[in-house]
Amino acid sequence: MKFDLVFEGGGAKGMVFVGACEEFFNRGHNFDRLLGTSAGAITATLLAAGYQPQEMRDVLTETKNGASVFSTFMGPPNEFSDEELREGALQRLLEGIDFTHVWDWAESLIDSQIVKALAVNETARHAVALIERGGWFGADAFVTWLGEKLDSGSKENTPRQFSSHTMSEFFDATKVELSLVASDTTDGRLLVINRHTAPDCPVINAVRMSMSIPMVWDEVIWDESWGKYREMDISGHAIVDGGILSNFPIELFVSDRLDTTNLMGPKQDNHIIGMLIDESLHVDQVCGSIVEVNIELSELATVQRLKRLVNTMTSAHDKMIIGEYEDLVVRLPAKGYGTTEFDMPDMRREALVAAGQTAMAEYLDRLETESEESANCFGATGISAADRVASKILAI
């Protein structure tokens, strides 16, 4: 059976998707359209590129210099250009502090030297990056890794060579309708990036924008070479994690409103499965105990505050749509796992993957015992709810 699949965002907790997908494919099912936010965008893109369950498991066990390759995703910020520092917020801040008995030219020189010294200091440059780019870490290692994944192995006996593809070219090569959700903080607008809305946007950059958790990774500035978004020039706009506006946009597959189908293409009759990371459900640990890891050392207190705010903003939307479409949602356990816990031990990671596999198995067991009508019932009330939510988030 073919399904349209929706993947929620969740950072490192998204490793649970590997177990869920493994069970999904082992049951003989396949997918048609894919939709993902943040970590879900990464999973959806790898699936679109033809990654099979064993390949995805292999990805989880990759190491670099003896540590999980995922731990490198939270890397040092890129070097700052003289122009970036000269025109940056930190320089302007220091210039606003006026010492009346110091010559202006001398004060300006001192300000510049202070900014440069902070920018090259191994520790302080993170703070400079947070101020100037909106994120504590750089994501170059992630971009490099994703490019390697999109160019390694093969899809249907044809070598993968997708790293340089635009969204349109990626569809032509894979025949998979892939949509990735991001947030335009310049316009305060939800972006659904696919071959219809942004055909010239590179796939790697689309994923990079979708996974850019604010204050963790630096924001992405839309480049003019990426073309327009829905005929709008958004060059220079700052783009971040899609989860800020819609972390679980299942309604985009359900609604048949014109403004939704203009984004997603014509509404399909496929069954839909939404993979929701449920932080209220325990993960059975291999060691027989639950380890509560709610705040990692690598997560700044400011990031935690922002995360709570984002969760609050999106919870009403998520609860409304999940309530209407409970039959379409598989809840994947992730309690006690951190959003940026990329360097989790092998046993802990395997427990999370196994939990995803078990949850998907239980969901499919229920689905197989129900009729098609009861499992995917799009009654008038449900469609109306999807239309309302879709209309709301697309109008932001």
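Residues numbered from 1 in each chain as written. Predicted model: local features only at pLDDT ≥ 70, side-chain atom pairs only at ≥ 80, totals over all residues. Heavy atoms only, no water.

A. Examining helix α1 (residues 16-26) more closely. With ten of eleven residues buried, α1 lies mostly within the body of the structure. For α1, the complete set of buried residues consists of Val 16, Phe 17, Val 18, Gly 19, Ala 20, Cys 21, Glu 22, Glu 23, Phe 24 and Phe 25. Gly 28 lies just past α1 and shows a positive phi near 90 degrees. (Buried < 20%, exposed > 50% of the residue type's maximum accessible area, 1.4 Å probe, protein only. Helix = DSSP H or I, 4+ residues; strand = E, 2+ residues; numbered from the N terminus.)

B. Quick look at the pattern of salt bridges. Per the stated rule, a full pass over the model turns up 19 salt bridges. The salt bridge involving Asp 218 is made with Arg 208; its shortest N-O contact spans 2.6 Å. Of this pair, Asp 218 sits in the loop between β10 (215-217) and β11 (220-221) while Arg 208 sits in helix α10 (residues 203-210), and the two are ten residues apart along the sequence. Classification of Arg 208 as buried rests on a relative accessible area of 7%. For Arg 331, the salt bridge is made with Asp 278, and the minimal N-O distance between the two is 3.0 Å. (Salt bridge = Lys/Arg side-chain N within 4 Å of Asp/Glu carboxyl O.)

C. Structural detail: a nonpolar patch on the surface. A cluster of nonpolar side chains, namely Ile 110, Ile 114 and Leu 118, defines an oily patch on the protein surface of about 230 Å² accessible area. Along the chain, Ile 114 falls in helix α6 (residues 104-120). (Patch = residues over 30% accessible without salt bridge, like charges linked within 9 Å, V, L, I, M, F, W, Y side chains within 5 Å. Areas by Shrake-Rupley, 256 points an atom, 1.4 Å probe, with all protein chains shown as cover.)

D. Representation of the packing of helix α2 (residues 39-48) against α10 in the model. Taken N-terminus to C-terminus, the directions of α2 and α10 make an angle of 155 degrees; their axes are 8 Å apart at the nearest point. On the basis of their axis angle, the class for α2 and α10 is roughly antiparallel. Viewed along their axes, α2 and α10 form a crossing whose handedness is left-handed. Where α2 approaches α10, its residues Ala 41, Ile 42 and Thr 45 are matched on the opposing element by Val 203, Val 207 and Ser 210. Along the lines of polarity and charge, the residues of the contact of α2 with α10 split into four nonpolar, two polar and no charged. (Axes fitted to C-alpha atoms, helices over the stretch in contact; angles between N-to-C directions. Parallel < 35°, antiparallel > 145°, perpendicular 65-115°, else oblique. Left-handed = near helix turned anticlockwise from the far one by under 90°. Contact = heavy atoms within 4.5 Å. Nonpolar A, V, L, I, M, F, W, Y, C, P; charged D, E, K, R; others polar.)

E. Expanded view of the nonpolar core. Counting 99 residues, the largest nonpolar core has Leu 34, Trp 145, Ile 193, Trp 217, Trp 222, Ile 273 and Met 275 as the members making the most contacts within it. When residues in this core are grouped by element, the largest group, nine residues, is from helix α14 (residues 346-369). Filtering out sequence-adjacent residues up to four positions away, Ile 273 remains in contact with Phe 3, Asp 4, Leu 5, Val 6, Phe 24, Leu 328, Val 330, Met 360, Tyr 363 and Leu 364. Phe 80, Leu 85, Val 128 and Ala 129 belong to the second-largest nonpolar core, a separate cluster that totals eight residues. (Core = buried A, V, L, I, M, F, W, Y, C linked by side-chain atoms within 4.5 Å.)

F. Quick look at the environment of Gly 188. One can find Gly 188 in the loop between β8 (177-184) and β9 (189-193). Judged by its relative accessible area of 34%, Gly 188 is partly exposed. Put simply, Gly 188 and Ala 238 are 50 residues apart on the chain and 9.8 Å apart in space, counted from C-alpha to C-alpha.

Remember that the coordinates give geometry; whether it matters functionally is a separate question.
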